[in-house]
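The residues making up each chain are set out below.
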Amino acid sequence: MDLFRKKEINLNQTSGLKKDLKTSDLIMLGIGAIIGTGIFVVTGVAANQNAGPALSLSFVLAAIVVVLSGLSFAEFASRVPVIGGPYAYLYVVFGEFAAWFTGWLLIGEFLLAVSSVASGWSGYVQGFLEGFGIHLPQVLTSGYNPTNGTYVDLIAVLVVIFVTYLVSLEAKKALRLNNIMVFVKFGIIALFVVVGIFFVNPKNWQPFTPFGFAGVLDGAALVFFAFLGFDSVAMAAEEVKDPQKDVPRGIIGSILIATALYIVVTLILTGIVPFTELGISDPVAFAMRYVGHGTIGAIIAVGAILTLLTVTISMMYSLARLLFAVSKDGLLPKFMTEIDQKHRTPRKATYVAGIVALFFAGFFPLNVLAELTNIMALTYLMLVSLGLLKLRKMFGKPKSGEFKVPFVPVLPMISIITCLVLMLRLQALTWIVFGLVMALGLVIYFGYGYKHSKMNE
């Protein structure tokens, strides 16, 4: 049994997917995936429970971890511009076993992201409807919890169905709505910044670190979730006109823009509202209501409802492409490799992604699984940084025109250490569940993947 058999890079081989995405599409895809729950939901809870006004520092620390990982992603994307992102990268440098586990971690991350954002979107919509006196039956308002009288989250199910259909169309069409919503997102963030800056009270920033540096670290471990999604850019490699240049630009560009927005919004938010009052699910809209601008708060709430769709679209898009890539290698059932002849998209892989996400979004309250998403993401980011060191050893330095990570091996090693530091801040229960998820991945690989792998040929 050879667990370390490697895939060779074949840049002349085509997947059959339509190549019409540019740098601007990729940056929009990345921002669409990143900017969402991080600003509209996580900021309030993280400031209230973890870091206080120093949450801006938490975002800086999380951003450093993400940027360091993003550099490794960018070089891989430039030198190995094939579909599958880190799954494909590690298949080339470490072999099949490491690639499968990386793919398994990514599938879990994207699946949880799609489902949890759909559930969060449902909560926003229900709150909006209740403002007009419209109430859904209790059984249809949340995931399975007989104690509370809830069995299925109807709105979450409907939004997953809609997003699945949209993503099954041509990539350009799916991302067109995403791009429109990204501009709406920028608009409501700009509205919050322009209005909110006049209500900032510097006294609310005192004390700046009420929970000490440990709180800043805990905040970074939590808000790291807010940066997940930049890896969705790498998943689009085989649908990009010039992947060696456009994919690295898309990754780095989306991370830098998102980081700047997070820091500005966090500083203004904690300057308007004392952090002790921010333990709510709609902090940005709440801040406007707090200073007597309820109408602007309502506009922001509606904007958040609309723009959270972009996160779901981006993550569903990435999840479908990942399933397609893993199935192409035989590690998952072959039927997911079929390309729709009309739209040139992996429609069946998209439908599988939608069905599984629909199940979790509709029947499982996923709010407690944010840490599990983080630990899965941090693990594969460590693997990507390790993989870059192996890539340099195998193929040398990047050629002219390819993206190059500076200060190798120092920066990749710092990336690994910072990821590990954030992982150690997570709860023991998260590590236990993470172990169980990894065990399930072992069962699937040895029960199906190894036997059906194309590497057997």
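Below is a summary of the structure that appears in this document. The structure presented is a predicted model; accordingly, all values stated were derived computationally and were not measured. (Residues numbered from 1 in each chain as written. Predicted model: local features only at pLDDT ≥ 70, side-chain atom pairs only at ≥ 80, totals over all residues. Heavy atoms only, no water.)

Considering the overall build of the chain
Moving on, step 1. Counting its secondary structure elements, the chain contains 15 helices and 0 strands.
Moving on, step 2. The globule rule puts the C-alpha radius of gyration for 457 residues at 23 Å, and the 21 Å found for the chain is close to it.
Moving on, step 3. Viewed in the frame of its principal axes, the chain has a C-alpha envelope of about 65 × 50 × 40 Å.
Moving on, step 4. Out of the 457 residues in the chain, the part that is buried amounts to 58%.
Moving on, step 5. Residue pairs in contact within the chain that sit at least 24 positions apart in sequence constitute 84% of those at least 6 positions apart.
Moving on, step 6. For the chain, the accessible area works out to roughly 17,900 Å², and carbon and sulfur atoms hold 68% of it.
Moving on, step 7. The centroid of the 32 positive side-chain charges in the chain is displaced by 6 Å from the centroid of its 24 negative side-chain charges. (Helix = DSSP H or I, 4+ residues; strand = E, 2+ residues; numbered from the N terminus. Rg over C-alpha atoms; globule rule 2.2 N^0.38 Å. Buried < 20%, exposed > 50% of the residue type's maximum accessible area, 1.4 Å probe, protein only. Contact = heavy atoms within 4.5 Å. Areas by Shrake-Rupley, 256 points an atom, 1.4 Å probe, with all protein chains shown as cover. Lys, Arg positive; Asp, Glu negative; His and termini not counted. Charge placed at Lys NZ, Arg CZ, Asp CG, Glu CD.)

Side note on the nonpolar core
Moving on, step 1. Grouped together as the largest cluster of nonpolar side chains are 143 residues, with contacts concentrated most on Ile-35, Ile-39, Tyr-87, Phe-192, Phe-224, Ile-251 and Tyr-262.
Moving on, step 2. A per-element tally of this core places helix H11 (residues 294-328) first, with 18 residues. (Core = buried A, V, L, I, M, F, W, Y, C linked by side-chain atoms within 4.5 Å.)

Let's talk about a nonpolar patch on the surface
Moving on, step 1. Together, Val-139, Tyr-144, Tyr-151, Phe-359, Phe-363 and Phe-364 make up an exposed nonpolar region whose accessible area comes to about 560 Å².
Moving on, step 2. Within the secondary structure, Phe-363 sits in helix H12 (residues 347-363).
Moving on, step 3. Judged by relative accessible area, which is 33%, Phe-363 ranks as partly exposed. (Patch = residues over 30% accessible without salt bridge, like charges linked within 9 Å, V, L, I, M, F, W, Y side chains within 5 Å. Salt bridge = Lys/Arg side-chain N within 4 Å of Asp/Glu carboxyl O.)

Some points on the side chain of Thr-43
Moving on, step 1. Mapped onto the secondary structure, Thr-43 falls in helix H2 (residues 37-51).
Moving on, step 2. With residues up to four places along the chain from it excluded, the contact list for Thr-43 reads Gly-38, Leu-55, Phe-59, Thr-266, Leu-269 and Pro-283.

Some remarks on the pattern of salt bridges
Moving on, step 1. Taken as a whole and assessed by the stated rule, the structure comprises 6 salt bridges.
Moving on, step 2. The closest approach of N and O atoms between Arg-79 and Glu-75, which form a salt bridge, is 3.2 Å. With Arg-79 and Glu-75 both in helix H3 (residues 55-79) and 4 residues apart, this pair spans about one turn of that helix. Comparing Arg-79 with Glu-75 shows no difference in burial state: the two are buried.

Details of the packing of helix H4 (residues 86-93) against helix H13 (residues 370-395)
When two helices pack together, their arrangement is captured by the angle between the axes and the distance separating the axes.
Moving on, step 1. Between H4 and H13, whose axes approach to 9 Å, the crossing angle comes to 40°. Taken together, the axes of H4 and H13 are oblique relative to one another. The two elements H4 and H13 meet at a crossing, and its hand is left-handed. Along its contact with H4, which presents Pro-86, Leu-90, Val-92 and Val-93, the element H13 presents Tyr-380, Leu-383, Val-384, Gly-387, Lys-390, Leu-391, Met-394 and Phe-395.
Moving on, step 2. The residue inventory of the contact of H4 with H13, partitioned by class, reads 10 nonpolar, 1 polar and 1 charged. (Axes fitted to C-alpha atoms, helices over the stretch in contact; angles between N-to-C directions. Parallel < 35°, antiparallel > 145°, perpendicular 65-115°, else oblique. Left-handed = near helix turned anticlockwise from the far one by under 90°. Nonpolar A, V, L, I, M, F, W, Y, C, P; charged D, E, K, R; others polar.)

Thoughts on the packing of H3 against helix H14 (residues 410-423)
Moving on, step 1. Relative orientation of the contacting elements H3 and H14 amounts to 135°, with a least axis distance of 9 Å. Regarding the angle of H3 to H14, the classification is oblique. Crossing angle aside, the handedness with which H3 passes H14 is left-handed. Touching Val-65, Leu-68, Ser-69 and Leu-71 of H3 are Leu-411, Ile-414, Ser-415, Thr-418, Cys-419 and Leu-422, all from H14.

Describing unusual backbone geometry
Moving on, step 1. The linkage connecting Gln-206 with the following residue, Pro-207, adopts the cis geometry, with an omega of -10°.
Moving on, step 2. Assignment of secondary structure puts Pro-207 in the loop between helix H7 (171-196) and helix H8 (212-223).

Focus: the packing of aromatic side chains
Moving on, step 1. Under the defined criterion, the tally for this structure stands at 17 aromatic pairs.
Moving on, step 2. Ring plane angle 75° and centroid distance 5.7 Å describe the contact between Tyr-87 and Tyr-91, whose orientation is recorded as edge-to-face. Taken together, the residues span about one helical turn, with Tyr-87 and Tyr-91 both in helix H4 at a distance of 4 residues. Tyr-91 carries the same exposure label as Tyr-87, and that label is buried.
Moving on, step 3. Linked through ring pairs, Phe-97, Trp-100, Phe-101, Trp-104, Tyr-445, Phe-446 and Tyr-450 together constitute an aromatic cluster.
Moving on, step 4. When the ring centre of Tyr-450 is taken as origin, the NZ or CZ atom of Arg-5, which lies over that ring, is 4.1 Å away. (Phe/Tyr/Trp six-rings, centres within 6.5 Å; stacked < 30°, edge-to-face > 60°. Lys NZ or Arg CZ within 6 Å of the ring centre and 35° of its normal.)

Details of the environment of Phe-199
Moving on, step 1. Residue placement: Phe-199 occurs in the loop between H7 and H8.
Moving on, step 2. Sequence separation of Phe-199 and Thr-276 is 77 residues, and the distance between their C-alpha atoms is 17 Å.
Moving on, step 3. The contact partners of Phe-199, leaving out residues within four places of it in the chain, are Gly-271, Ile-272, Val-291 and His-293.

Nothing here speaks to function; it is all geometry.
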